[in-house]
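Descriptive analysis of the structure
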Number of protein chains: 2
Amino acid sequence: MSQEQKREHYHKVRMERKKAQIDAAIARADTEKGLLLVITGNGKGKSTSAFGMIGRALGHGKKVGVCQFIKSRTDTGEEAFFGQQDNCEWHVLGDGFTWDTQDRTGDIATSERGWAVATKMLKDPSFDLVILDELTYLLSYDYLDKDVVLNTLSERPEMQHVVVTGRSAIADLRELADTVSEIKDEKHAYKNGIKAQKGIDY
Amino acid sequence: MSQEQKREHYHKVRMERKKAQIDAAIARADTEKGLLLVITGNGKGKSTSAFGMIGRALGHGKKVGVCQFIKSRTDTGEEAFFGQQDNCEWHVLGDGFTWDTQDRTGDIATSERGWAVATKMLKDPSFDLVILDELTYLLSYDYLDKDVVLNTLSERPEMQHVVVTGRSAIADLRELADTVSEIKDEKHAYKNGIKAQKGIDY
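These remarks concern the structure in this document. (Residues numbered from 1 in each chain as written. Chains lettered and ligands numbered in written order. Predicted model: local features only at pLDDT ≥ 70, side-chain atom pairs only at ≥ 80, totals over all residues. Heavy atoms only, no water.)

**Remarks on the sheet that holds strand β1 (residues 36–40) of chain B**
Reading across the sheet, the 12 strands line up as β3(A)-β2(A)-β4(A)-β5(A)-β1(A)-β6(A)-β6(B)-β1(B)-β5(B)-β4(B)-β2(B)-β3(B) and stay open at both edges, with mixed pairing between neighbours. Bordering the open sheet on either side are β3 (88–92) of chain A together with β3 (88–92) of chain B, each of which pairs with just one other strand. Sheet twist, expressed as the mean angle between neighbouring strand axes with direction ignored, is 15 degrees. With five bridges joining them, strand β2 (residues 64–68) of chain B and strand β4 (residues 129–133) of chain B adopt parallel strand pairing. If you follow Gly-65 of chain B over to β4 of chain B, its bridge partner there is Val-130 of chain B. Sheet contacts for helix α2 (residues 46–59) of chain A: β1 (36–40), β2 (64–68), β3, β4 (129–133), β5 (161–165) and β6 (179–187) of chain A; angle to β4 of chain A, the most-contacted strand, approximately 165 degrees. (Pairing = 2+ DSSP bridges. Helix = DSSP H or I, 4+ residues; strand = E, 2+ residues; numbered from the N terminus. Axes fitted to C-alpha atoms, helices over the stretch in contact; angles between N-to-C directions. Contact = heavy atoms within 4.5 Å.)

**Focus on the pairing of β1 of chain A**
All names here are of chain A. Taking burial as the measure, the five residues of β1 include five buried ones, the bulk of the element. Alternating positions in β1 separate into two faces, Leu-36, Val-38 and Thr-40 on one and Leu-37 and Ile-39 on the other, with burial throughout. The pairing of β1 with β5 spans four bridges and is classified as parallel. Each bridged residue has a counterpart across the sheet, and for Leu-37 the counterpart in β5 is Val-163. In the sheet, β1 pairs with β6 via four bridges, with the strands oriented parallel. Paired with Thr-40 across the strands is Glu-182, a residue of β6. (Buried < 20%, exposed > 50% of the residue type's maximum accessible area, 1.4 Å probe, protein only.)

**What about the interface of chain B and chain A?**
Listed as interface residues are 85 residues of chain B and, on the opposing side, 85 residues of chain A. For the pair chain B and chain A, the summed buried surface comes to about 7300 Å²; carbon and sulfur atoms form 56% of the total. Where chain B packs against chain A, one counts eight salt bridges. Residues Lys-19 of chain A and Asp-100 of chain B are paired through a salt bridge, measuring 3.3 Å at the closest nitrogen-oxygen approach. In this assembly, chain B and chain A are joined by 50 residue pairs in polar contact (both at pLDDT 80 or more). Looking at the side of chain B that touches chain A, its residues break down into 28 nonpolar, 24 polar and 33 charged. (Buried area = accessible area lost by both parts, 1.4 Å probe. Salt bridge = Lys/Arg side-chain N within 4 Å of Asp/Glu carboxyl O. Polar contact = N/O pair within 3.5 Å; in protein donor to acceptor, adjacent residues only side chain to side chain. Nonpolar A, V, L, I, M, F, W, Y, C, P; charged D, E, K, R; others polar.)

**Structural notes on the side chain of Lys-71 of chain A**
Residues and elements named next belong to chain A. On the secondary structure map, Lys-71 appears in the loop between β2 and α3 (77–82). With a relative accessible area of 17%, Lys-71 lands in the buried category. A distance of 3.3 Å separates polar atoms of two side chains, one belonging to Lys-71 and the other to Glu-78.

Below, the structure written as structure tokens:
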């Protein structure tokens, strides 16, 4: 055998073995249920990761609800685009970041009003996917009662998927989740003096 | 001052300081340019993170091109939804994972055909955002010439954003990127016997 044929041959042997392992794993994974996904960490891509799932869900004819808990601006690309889709209900429920409001009592009231909107969705089985964007902060800042939030998530409709985003997800939320992705900020354009870019950052 | 008033007061003091720091950072970040983002790591949410940016870009009236390099299936929610949008050009260019094809020579030919499609977008300034989904594998498996890929990325139109996704991004690609997010798989439903869910995983 030539060098290239050998490479080809060993590639095939390795890939046959890998395929057998992966096929077995796929066969084992046979449960369907509504998932709770937590996308946390300090890196770029948490909210957009949730928004990408909106696209997937709408593509399969599913109904989506979105609650943005911190954001107050309504000029974002995500709202302009997804908010106008037939099967997508979009709510901007925030009042800006804590350092912008500088008002703890006000933030708590805003959080509670937002949570009431989310609760409706989490009790309504017609929503196949609910995005709770930046909910983590309301838990880590103690703006919402942790037990109320976790119980509502636990008792949601069986086939409803929920995606929670934001930095510093608390331990109890991670524990309840089916999938937790921690996005690490290995490098960020912003730190090199590049400002937030339309279509990428908002 | 009562306990609650004290808490309120110190919250305000901390948040004033934080706001000053953040405002200064925002003032320093004044450059606009096309970004190269790499979303890598073994966790859930890499491709969806790129897809979320499609939503943001379309919401601002921008034009988007998508190349999916590994995937061969055309029944995904993302393609059904984004692929039908006016300003979005969608190409499924893969032939399945290496362990499915088990054919190194065939995979290289497929990769080169896919790269030709991507190259056209990367030379066309009418595309504001180009998604190169799962491109990382074509570099880590040596299916494409690294220098050709990195040069084409470097020489793309100045204001064009590019998002590259996939596990195990090679060091040279990370170095060239403006933003690198590494998604760590802290917990994954799949490992607990839950199969890939429509609207979430595809």
